[in-house]
Amino acid sequence: MAITTASESKVFVCVTPALPATDAAAEYAALTWVEIGEVEDMGEFGDESSDVTFASVGDGRTRHLKGVRDAGTLALVCGRDPADAGQIALKTAEKTKFSYPIKVQAADAISEDYTDSVYYFNAKVMSARDNYGSVDNVVRTNFSLGIDSAIIEVPSAEIP
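A few points on the structure. (Residues numbered from 1 in each chain as written. Predicted model: local features only at pLDDT ≥ 70, side-chain atom pairs only at ≥ 80, totals over all residues. Heavy atoms only, no water.)

This paragraph deals with the nonpolar core. Leu76, Leu90, Ile102 and Leu145 are the most contacted members of the largest nonpolar core, which has 20 residues in total. Listed by contribution, the elements that provide at least two residues to this core are strand E1 (10–13), strand E6 (73–79), helix H2 (85–94), strand E7 (99–105), strand E8 (118–131) and strand E9 (140–147). Discounting residues that sit within four places of it in the chain, Leu76 has contacts with Val11, Ile36, Val39, Asp41, Met42, Leu90, Thr141, Asn142, Phe143 and Leu145. (Core = buried A, V, L, I, M, F, W, Y, C linked by side-chain atoms within 4.5 Å. Buried < 20%, exposed > 50% of the residue type's maximum accessible area, 1.4 Å probe, protein only. Helix = DSSP H or I, 4+ residues; strand = E, 2+ residues; numbered from the N terminus. Contact = heavy atoms within 4.5 Å.)

This paragraph deals with the environment of Ser50. Within the secondary structure, Ser50 sits in strand E4 (residues 48–56). Ignoring sequence-local partners within four residues, the contact set of Ser50 consists of Leu65, Lys66, Gly67 and Val68.

Taken as a whole, this structure holds six salt bridges when the rule is applied. For Asp47, the salt bridge is made with Arg69, and the minimal N-O distance between the two is 3.6 Å. With a gap of 22 residues between them, Asp47 in the loop between strand E3 (39–41) and E4 and Arg69 in strand E5 (residues 61–70) connect regions that are remote in the sequence. On the basis of relative accessibility, which here comes to 42%, the residue Asp47 falls in the partly exposed class. Across the pair Lys124 and Asp148 runs a salt bridge, and its minimum N-O distance is 2.6 Å. Note that Lys124 is positioned in strand E8 and Asp148 in the loop between E9 and strand E10 (152–154), a separation of 24 residues in sequence. (Salt bridge = Lys/Arg side-chain N within 4 Å of Asp/Glu carboxyl O.)

Our next topic: the environment of Ala83. Positionally, Ala83 belongs in the loop between E6 and H2. Of the residues examined, Ala83 reaches a relative accessible area of 66% and is grouped as exposed. A sequence separation of 46 residues divides Ala83 from Gly37, and the C-alpha atoms of the two residues are 9.6 Å apart.

Take the packing of aromatic side chains next. A complete count under the given rule lists four aromatic pairs for this structure. Each ring, one from Phe45 and one from Tyr119, has its centre 5.3 Å from the other, and the planes form 80 degrees; the classification is edge-to-face. Taken as a pair, Phe45 in the loop between E3 and E4 and Tyr119 in strand E8 lie far apart in primary sequence, 74 residues in all. When its relative accessible area of 26% is taken as the criterion, Phe45 is described as partly exposed. These aromatic residues form a ring-pair network of at least three members: Tyr28, Trp33 and Tyr120. (Phe/Tyr/Trp six-rings, centres within 6.5 Å; stacked < 30°, edge-to-face > 60°.)

What follows is about a nonpolar patch on the surface. Together, Val52, Phe54 and Leu65 make up a nonpolar patch on the protein surface, roughly 270 Å² of accessible area in all. Among the secondary structure elements, Val52 is positioned in strand E4. Exposure remark for Val52: the relative accessible area of 37% places this residue in the partly exposed category. (Patch = residues over 30% accessible without salt bridge, like charges linked within 9 Å, V, L, I, M, F, W, Y side chains within 5 Å. Areas by Shrake-Rupley, 256 points an atom, 1.4 Å probe, with all protein chains shown as cover.)

Right, let's talk about the pairing of E9 for a bit. Counting buried positions over the eight residues of E9 gives six, a clear majority of the element. Pairing geometry for E6 and E9, over seven bridges, is antiparallel. Residue pairing for E9: Gly79 is matched across the bridge by Arg140. Inspection of the sheet shows E8 paired to E9 by eight bridges, in the antiparallel sense. The residue bridging Ser127 from the neighbouring strand is Ser144, located in E9. (Pairing = 2+ DSSP bridges.)

Our next topic: H2. Of the positions making up H2, those classed as buried are Gly86, Gln87, Ala89, Leu90 and Ala93. The buried side chains of H2 occupy one side of the element, clustering within an arc of 160 degrees when seen end-on. Elements that come into contact with the buried residues of H2 comprise E1, strand E2 (34–35), E6, E7, E8 and E9. (Arc of directions from axis to C-beta.)

Worth remembering: the numbers are spatial, not functional.
Written out as C-alpha cells, the structure is:
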C-alpha cells in the first residue's frame, strides 16, 4: 500500500438508528447510506485505552495498565448546506438519544483494480453547531460524533 491524502474520502450516515445486532461489516454494508456533503475536515477516530495506574509501596514504582477502550469523538466540519440530506440527517440525529451507523470511505485504492478502505461504527451525534465567523468566512457546521461501538475496518483489496 502507498500513502495517500484525504482528498475524495467520504462520510455517510444511516438515517435509521443503529440496532445492537449491527456489529459485522456485512450487516453495515447492507444498510442504506446518505452521504454527508461539503465535508471539509474528517477529524480523527480510533481506539485508545485509558491509563490505569497502580503505585506499589514495595518497590516505589508506578505500574501502567490498559483500561477501557475509547474510539473517540469524531469532529466533523462541513460547509453549511441547509439542503444537504446528510447534514439534515445529522441535525435530526442530534435531537435524539440514539446511536446512528456511520461509514467513512477512504480514497486509498492504489488503482482502479482495488476497492477503497471503509470504516463502520455507531455514534451519537452530540452536537451540531453552526459557525458563522467573520465577513469572509464560509459558514460551517461542526458536528461532534461520539463513537460508542467498535470500529470495523474493511481494508482496501483487489477487486475479484
